[in-house]
Amino acid sequence: MADGILAWQAGLWQLLAGRQQHAHAYLLHGPAGIGKRDFAERLMALLLCQRPLEGACGACRGCQLLAAQTHPDHYILEPEEVDKAIRVDQVRDLVDFITQTAQLGGRKVVLLEPAEAMNINAANALLKSLEEPAGNTVLLLVSHQPSRLLPTLKSRCVQQACPLPERQQSLDWLSAKLPDLPERSREELLALAAGSPLAALQLHGAGALQMRAQVIEGIKQLHKQQQSPSQLAEGWNALPLPLLFDWFCQWAHLILCCQMAGDAAAAGAADMHKVVQYLAQKSSPAKVLALQEWLLAHRQKVLGKANLNRVLLLEALLVQWASLPGSR
């Protein structure tokens, strides 16, 4: 196995790296934060290496040029700004690269991430090159949400699900990365990241545990009428919208689970346990379902990079949340 391959990727690496003939396009998909980008970069290095064994040799001219980011036959396409779309003119530049002859006489390799960041025009501009890439070109598309991709795009790729690590593998990896962090905090981060260890590390770097504590304290103050929805919305101005919507979607789901199962164990993580139980007892299932539907619809808009007024959006969310307790 190549050095540096994550433990849970070993089987997939052996499957792909051992091939004599490669597909012209791979779609590597799975939840965010499980190491897909790292895997794709190592596969790119292997495909461009002039003396590959179990992985890239690291010593040939191709490997040296790639390490210096000056390899003429590699191309990385990603949004120009974080959380922005990949535009059609970016894809047209990529297509121009694909039509050229490899300068080192081997393969050309493209890494595109995240594939779902392409808007419809950009995705359509890529279809012909995906179907018939010029020369010996391999395209590596990385997707965290393959359901958002055009069926015509997915059908032109070999679709490869990337493995999710087992819980203990994730905790061991996080322990090596964050040795000074208490074990309980690592477990909380992994739970927030839905089991994805690289996402958990990213959440730690972003201060997610502190942000979550701030949000939960705000929710408690909202229910005690110590803060209004508009005050909280303003106070949460620096918090990432995708993270907020993930948490509120999860909490609405847990409230419904409590109501349907009548089981306190369904209340989820301890930090919101009492709030979820309280709302399950005091709210009508119809109101919770309506809120959940609203949350899911607006979460899609947030993930789709829609132009939203975040303060008004959060205020609308918090008004509905505060109105949950009431007549059943």
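Residues numbered from 1 in each chain as written. Predicted model: local features only at pLDDT ≥ 70, side-chain atom pairs only at ≥ 80, totals over all residues. Heavy atoms only, no water.

Q: Describe the environment of Arg61, with residues and values.
A: Counting through the fold element by element, Arg61 comes out in helix H3 (residues 61-67). It is 7.5 Å that separates the C-alpha atoms of Arg61 and Gln50, two residues lying eleven residues apart in sequence. (Helix = DSSP H or I, 4+ residues; strand = E, 2+ residues; numbered from the N terminus.)

Q: How would you explain the sheet that holds strand S5 (residues 158-161) if you had to name every residue and give the values?
A: Spatial ordering of the open sheet is given by S2-S3-S4-S1-S5, a layout of five strands whose pairing is parallel. Edge positions in the sheet fall to strand S2 (74-77) and S5, since each of these pairs with one other strand and no more. When the angles between neighbouring strand axes are averaged without regard to direction, this sheet yields 15°. Note: strand S1 (residues 25-29) against S5, four bridges, orientation parallel. By the bridge assignment, His29 is partnered in S5 with Ala161. Lying over the sheet, helix H5 (residues 120-131) contacts S1, strand S3 (108-112) and strand S4 (137-143), oriented at roughly 135° with respect to S4. (Pairing = 2+ DSSP bridges. Axes fitted to C-alpha atoms, helices over the stretch in contact; angles between N-to-C directions. Contact = heavy atoms within 4.5 Å.)

Q: Give a detailed account of the packing of aromatic side chains, specifying residues and quantitative values.
A: According to the stated counting rule, one finds nine aromatic pairs in the structure shown. When the ring of Phe248 is compared with that of Trp251, the centres are 5.2 Å apart and the planes differ by 75°; the resulting orientation is edge-to-face. Of this pair, Phe248 and Trp251 are both found in helix H12 (residues 241-261), three residues apart, which corresponds to roughly one turn of the helix. Looking at Phe248, the relative accessible area reads 0%, which means it is buried. By the ring-pair criterion, three or more aromatic residues cluster together here, those being Trp236, Trp247, Phe248, Trp251 and Trp321. Sitting over the ring of Trp247, Arg212 keeps its end group 5.4 Å from the ring centre. (Phe/Tyr/Trp six-rings, centres within 6.5 Å; stacked < 30°, edge-to-face > 60°. Buried < 20%, exposed > 50% of the residue type's maximum accessible area, 1.4 Å probe, protein only. Lys NZ or Arg CZ within 6 Å of the ring centre and 35° of its normal.)

Q: Just give me the short version of the side chain of Lys36, but keep the residues and values in it.
A: Mapped onto the elements, Lys36 comes out in helix H2 (residues 36-48). It is Glu113 that comes nearest to the buried, bridge-free Lys36 among opposite-charge side chains, at 6.3 Å. In terms of polar contacts, Lys36 uses its side chain to reach the backbone carbonyl oxygen of Pro31, at 2.7 Å. Not counting residues up to four positions away in its chain, the partners in contact with Lys36 are Gln9, Leu28, His29, Gly30, Pro31, Val142, Ser143, His144 and Cys162. (Lys, Arg positive; Asp, Glu negative; His and termini not counted. Salt bridge = Lys/Arg side-chain N within 4 Å of Asp/Glu carboxyl O. Polar contact = N/O pair within 3.5 Å; in protein donor to acceptor, adjacent residues only side chain to side chain.)

Q: Describe the state of the cysteines, listing the residues and the values that go with them.
A: Tallying each qualifying case throughout the model produces zero disulfides. Unpaired in this structure, Cys157 has its nearest cysteine sulfur neighbour in Cys162, at a distance of 13 Å. Given a relative accessible area of 10%, Cys157 falls into the buried group. No disulfide involves Cys257; its sulfur sits 7.3 Å from that of Cys258, the nearest cysteine. By relative accessible area, which is 26% here, Cys257 ends up partly exposed. (Disulfide = S-S within 2.5 Å.)

Q: Please set out the packing of helix H4 (residues 88-99) against H5 residue by residue, giving values where relevant.
A: Where H4 contacts H5, the axes come no closer than 8 Å and their chain directions differ by 15°. Taken together, H4 and H5 sit at an angle that is classed as roughly parallel. In terms of crossing hand, the pair formed by H4 and H5 is right-handed. Residues Val88, Val91, Leu94, Val95 and Ile98 of H4 touch H5, and the partners they reach there are Asn121, Ala122, Ala125, Leu126 and Ser129. Class assignment of the residues belonging to the contact of H4 with H5 gives a composition of eight nonpolar, two polar and no charged. (Parallel < 35°, antiparallel > 145°, perpendicular 65-115°, else oblique. Left-handed = near helix turned anticlockwise from the far one by under 90°. Nonpolar A, V, L, I, M, F, W, Y, C, P; charged D, E, K, R; others polar.)

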